Amino acid sequence: MAQQRTITRLATDIGGTFTDIVLERGETRFTTKVLTTPHAPEEAVVEGTRLVLDQAGIGFADLDVFVHGTTLATNAVIERKGAKTALIATDGFRDVIEIADEGRYDQYDIFIDKPRQLVPRQLRFTVPERIDVTGKVWIALDEAAVAKVAKQMKAEKVEAVAVAFIHSYANGVHEERVREILAKEAPGLAVTLSSEVCPEMREYERTSTAVANAYVQPLMAGYLGRLKARFAAEGYAKPIHLMTSGGSLATLETAARFPIRLVESGPAGGAILAAHVAAERGEAKVLSFDMGGTTAKICLIHDATPYKARTFEVDRQSRFMKGSGLPVRIPVIEMVEIGAGGGSIARVDSLKRITVGPDSAASVPGPACYGRGGALPTVTDADVALGKIEPARFAGGAITLYPEKADAALDASVGAPLSLSTAMAAHGVAEIVDENMANAARVHSVERGVVVADHTMVAFGGAAPLHAARLAEKLGIARVVVPADAGVGSAVGFLRAPAAYELVHSKFMRLDRFDLKEANALLAAMSGEATGLAKAAAGSRKLTETRTAFMRYAGQGHEIAVALPNRALTTKDLAAMRESFEAGYRQLFARHIPGAAIEILSWSLLVTTDTARPPSLPKPKKHAAPKPIGTRPVYDAKARKTVKVPMYDRLAMAPGASVEGPAIIVEAGTSTFVTASFDASIDAGLGLVLTARKAATPAKRSAAKGA
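Residues numbered from 1 in each chain as written. Predicted model: local features only at pLDDT ≥ 70, side-chain atom pairs only at ≥ 80, totals over all residues. Heavy atoms only, no water.

Colleague: How should I be thinking about the packing of aromatic side chains in this particular structure?
Modeller: For any pair of aromatic rings, the description consists of the separation of the ring centres together with the inter-plane angle of the planes. All told, the structure shown has 12 aromatic pairs when counted by the stated rule. A ring pair is formed by Tyr370 and Phe394, whose centres lie 5.9 Å apart and whose planes are at 55 degrees; its orientation type is tilted. One end of the pair, Tyr370, is in the loop between β22 (354-360) and α10 (379-386); the other, Phe394, is in the loop between α10 and α11 (403-418), with 24 residues separating them in the sequence. The exposure class of Tyr370 is buried, given its relative accessible area of 4%. In this structure Phe394 comes out as buried when scored by relative accessible area, which is 15%. Ring plane angle 55 degrees and centroid distance 6.1 Å describe the contact between Phe514 and Trp603, whose orientation is recorded as tilted. With Phe514 in the loop between β25 (500-510) and α15 (516-538) and Trp603 in strand β28 (residues 598-609), this residue pair connects regions lying 89 residues apart in the sequence. (Phe/Tyr/Trp six-rings, centres within 6.5 Å; stacked < 30°, edge-to-face > 60°. Helix = DSSP H or I, 4+ residues; strand = E, 2+ residues; numbered from the N terminus. Buried < 20%, exposed > 50% of the residue type's maximum accessible area, 1.4 Å probe, protein only.)

Colleague: Would you take a moment to explain the side chain of Ser490 for this structure?
Modeller: Mapped onto the fold, Ser490 is located in helix α14 (residues 489-494). The exposure class of Ser490 is buried, given its relative accessible area of 6%. From its side chain, Ser490 meets the backbone oxygen of Gly266 in a polar contact 3.2 Å long. Setting aside its immediate chain neighbours within four residues, Ser490 contacts Asp13, Gly266, Gly269, Gly270, Asp290 and Phe460. (Polar contact = N/O pair within 3.5 Å; in protein donor to acceptor, adjacent residues only side chain to side chain. Contact = heavy atoms within 4.5 Å.)

Colleague: Which parts of the structure should I look at to understand helix α7 (residues 203-234)?
Modeller: Structural remark: α-helix, 3.6 residues per turn; residues separated by three or four positions point the same way. Counted at 1.5 Å a residue, the expected span for α7 with its 32 residues is 46 Å, and the 45 Å between its end C-alpha atoms agrees. The principal kink in α7, of about 45 degrees, is found at Gln217, preceding the proline Pro218 by one to four residues. Positioned one or two residues after α7, Gly235 has a phi angle of 110 degrees, which is positive. (Expected span 1.5 Å × (residues − 1). Bend = angle between axes of the 7 residues up to and from the residue.)

Colleague: Explanation requested: unusual backbone geometry in the structure shown.
Modeller: Phi is mostly negative for residues that are not glycine, and the peptide bonds are mostly trans. At the junction of Gly661 and Pro662, the peptide bond is cis and its omega measures out at 5 degrees in the coordinates. Considering the arrangement of structural elements, one finds Pro662 in the loop between β31 (658-660) and β32 (663-666). The backbone of Ala590 sits at a positive phi, close to 65 degrees, despite the residue not being glycine. Summarising the element assignment, Ala590 is placed in the loop between α16 (573-589) and β28. Judged by its relative accessible area of 71%, Ala590 is exposed. One non-glycine residue, Leu686, adopts positive backbone phi at about 65 degrees. Here Leu686 shows up in the loop between β34 (678-682) and β35 (688-692).

Colleague: Before we go on, may I ask you to explain the confidence of the model for the chain in this structure?
Modeller: Low pLDDT marks stretches whose predicted atomic positions should not be read closely. Residues at a pLDDT of 70 or more form 96% of the chain, whose mean pLDDT is 88. Throughout residues 696-707 the model reports pLDDT below 50, and contacts reaching past four residues in sequence, or to other chains, amount to one contact. (pLDDT = per-residue confidence, 0-100.)

Colleague: Sorry, what's going on with the pattern of salt bridges here?
Modeller: Two side chains with opposite charge may pair up if their charged atoms get near one another. For the structure shown, the criterion picks out 42 salt bridges. Between Asp485 and Arg29 there is a salt bridge whose closest N-O contact spans 2.8 Å. Of this pair, Asp485 sits in the loop between β24 (479-482) and α14 while Arg29 sits in strand β3 (residues 28-35), placing them 456 residues apart in sequence. With relative accessibility at 23%, the residue Asp485 sits in the partly exposed group. Taking relative accessible area as the criterion, Arg29 reaches 28% and is therefore assigned partly exposed. (Salt bridge = Lys/Arg side-chain N within 4 Å of Asp/Glu carboxyl O.)

Colleague: Mind showing me how you'd approach the nonpolar core here?
Modeller: Nonpolar side chains tend toward joint burial in soluble globular proteins. By size, the foremost hydrophobic cluster in this structure holds 107 residues, and its most contacted members are Ile88, Met153, Leu182, Phe231, Phe514, Met551 and Trp603. Once residues lying within four places of it in the same chain are set aside, the contact partners of Phe231 are Leu10, Val45, Val46, Thr49, Phe60, Phe66 and Tyr236. (Core = buried A, V, L, I, M, F, W, Y, C linked by side-chain atoms within 4.5 Å.)

Colleague: I'm lost on the packing of helix α12 (residues 422-448) against helix α13 (residues 464-475) in this one. Help?
Modeller: A pair of packed helices can be characterised by two numbers: the angle between their axes and the separation between those axes. The interhelical angle for the contact between α12 and α13, taken along N-to-C directions, is 55 degrees, at an axis separation of 9 Å. When the axes of α12 and α13 are compared, the pair comes out oblique. As for how α12 packs across α13, the hand of that crossing is right-handed. Residues Glu431, Val433, Asp434, Glu435, Met437, Ala438, Ala441 and Arg442 of α12 form the contact with α13, whose participating residues are His467, Arg470, Leu471, Lys474 and Leu475. (Axes fitted to C-alpha atoms, helices over the stretch in contact; angles between N-to-C directions. Parallel < 35°, antiparallel > 145°, perpendicular 65-115°, else oblique. Left-handed = near helix turned anticlockwise from the far one by under 90°.)

Colleague: Honestly, helix α1 (residues 41-56) in this entry has me stumped. Any pointers?
Modeller: Taking 1.5 Å per residue, 16 residues should reach 22 Å; α1 reaches 23 Å between its end C-alpha atoms and fits that length. If you check which residues of α1 are buried, you get Pro41, Glu42, Ala44, Val45, Val46, Gly48, Thr49, Val52 and Leu53. Of the surrounding elements, those touching the buried residues of α1 are β1 (8-14), β2 (18-25), β3, β4 (65-70), α2 (72-79) and α7. In the stretch just after α1, Gly57 is the one whose phi turns positive, near 75 degrees.

Colleague: Before we go on, may I ask you to explain the environment of Arg372 in this structure?
Modeller: The topology assignment puts Arg372 in the loop between β22 and α10. Taking relative accessible area as the criterion, Arg372 reaches 46% and is therefore assigned partly exposed. Arg372 has contacts with Leu35, Ser363, Val364 and Pro365, leaving out every residue within four places of it along the chain.

Colleague: Explanation requested: the pairing of β25 in the structure shown.
Modeller: The side chains of a regular strand alternate between both faces of the sheet. The buried fraction of β25 amounts to nine of the 11 residues, a majority that puts the element mostly inside the structure. In this structure, β25 lies alongside β28, joined through nine bridges in antiparallel fashion. In the sheet register, Glu502 faces β28, and the bridge partner there is Leu606. (Pairing = 2+ DSSP bridges.)

Colleague: So what exactly am I meant to see when it comes to the sheet that holds β32 here?
Modeller: One open sheet accounts for four strands, arranged β29-β30-β32-β33; its pairing is mixed. Looking at strand neighbours, the two that pair on one side only are β29 (630-636) and β33 (671-674), the edges of this open sheet. Taking each pair of neighbouring strands and ignoring which way they run, the sheet shows an average axis angle of 30 degrees. Note that β29 and strand β30 (residues 641-649) share seven bridges and pair antiparallel. Residue pairing for β30: Arg632 is matched across the bridge by Val645.

Colleague: Looking at this structure, how should I read the side chain of Asp434?
Modeller: Its place among the elements puts Asp434 in helix α12. At 5.0 Å, Arg470 is the nearest oppositely charged side chain to Asp434, a buried residue that forms no salt bridge. Polar side-chain contacts of Asp434 include one of 2.7 Å to the side chain of His467. (Lys, Arg positive; Asp, Glu negative; His and termini not counted.)

Colleague: Please clarify how the environment of Ala160 should be interpreted in this entry.
Modeller: Along the chain, Ala160 turns up in strand β9 (residues 160-164). The class for Ala160 is buried, based on a relative accessible area of 0%. Separated by 25 residues in sequence, Ala160 and Glu185 have C-alpha atoms that sit 14 Å apart. Apart from residues no more than four positions distant in its own chain, Ala160 is found in contact with Ala83, Lys84, Thr85, Ala86, Leu189, Ala190, Ala214 and Pro218.

Right, here's the structure in full:
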């Protein structure tokens, strides 16, 4: 019998500070973290890949699967470093992105800051054309006007253009003709059609999504092309898959065409990992906590499924205020993201308050303790000053830390202005960043109508295990799981993601005037397109299809998702669609409106590979606690003094072994700080589980006092 070949899979995640690399060869995993190279991100990817391949004793040609995720698209929008982009709209709709939805995210602030648009007004052009809501052409496209606009864009040296006509979701023929004309008149111009990137109603969101896609397309297409060429030169000849914001994999070619779907690719991988961890441990309610070098991400996961949304906002001007950012209408795992990472910069404001972030020292120049030129204190500097990080083991020893530089930066920017000692300044920074993250979790859970204290926290990312216990204390969470290789958790999640593609298409239809032929034709066309795009990433894996209709009572402003059968619809399905909608409406509003007219605005179709639910982990037998590998002097703010905290090597802790807090548990990619409120143990899946100690009863406290 022939021996089964070992499959070798690589995942890479580019963050603002670190690039994480994970290699799985059969059941064996190799990981590393290298500093991100902002000038050429592919350099860090290749460098880190060489390191793990050397650990495994293989080469680039031995890789079978390569999955990649990156925040480059998001960062380009936030930092306004994308292409010089223009917009072509229908006559009279030049300022759709400026007018937006006419709402104000803070109606009482007369000095409200709206996000700066990606296309300045002088680069917003219009041409005569008109298509109605049914897709009927009312005014033919003025092709001469399009050719004139093309010449203007060439004169302005425009690099990319978004084409967004009114009701193009119903009929994209005019947008497609514009692309043909631009290919002739302005060859080399990157063109995004709103009817392809976001074929949905609501012209503001659709236009904003098309503009954002056009803005990052030259950058991302160039980067992905260089990455592919570098890996090919190293001997890798197989496809490269990209992680999307919706938690699925797409081909490099699809990602280069629709790079806006990558805006939350890294965090999405983390949510996939947390869902996998929840399924293994039978956790019904999980709060995913991902804290890296630049940001912290929080996501709710119920029944091993992350909450999902259809709209995401990039570059929010107000951290928790919906409507303060640029809307991007794509399938996305729903999470709240704030500028609270290890590299987040701390300072004292004009009111003598310690503030942290959202700006970050990133990898260049990095935190002060890196010794790479950074002079401003960061969260990592505070953790070093408090004693929670063992400098000799940071990033597996790959990065040398300089604690004296962290102390100096904290003294200069925080300690001196507030007359605080170095330790208290560091404690203040840590408390503020922890409270910022706790507040984000509270807001997110309230918006979803759930009690955050009922959840188990899954913490990963280079900085999360250092802050997870204190964050759990603030939120009243009694159980924290730090999975194996938590420092590169998002990259591990990439290797758990399905190959999939989701399409959403608007087609207005009343349920009482339902057009079966038109609906089935639309769903069939969507199925063919989604299947083709998903199959390219799925290879030989089996694909499944899920269909959904977004329905509402006639005239209402928001829709409810209703599941559809995976086949052609018949007249018998209409009653079931009404029943499902009314059940969903009652769940949200405790009532429904009998006999009221119902309308369908949009249709969704997801094609994905099957992802088998992992087997449940057994309960491990109790195992002797390992001996400490040393102690660390850690500042105890309550006692106002430095105490010696035992330090353990995570790899030396067998399943079933437990230690009492306070403790520091070190590993190559991160360290976990266990506060005095928690005990820590290793479960059967090699997860580090922090369990809150039960508060002593009055009788026990009295007995202890008497003793």
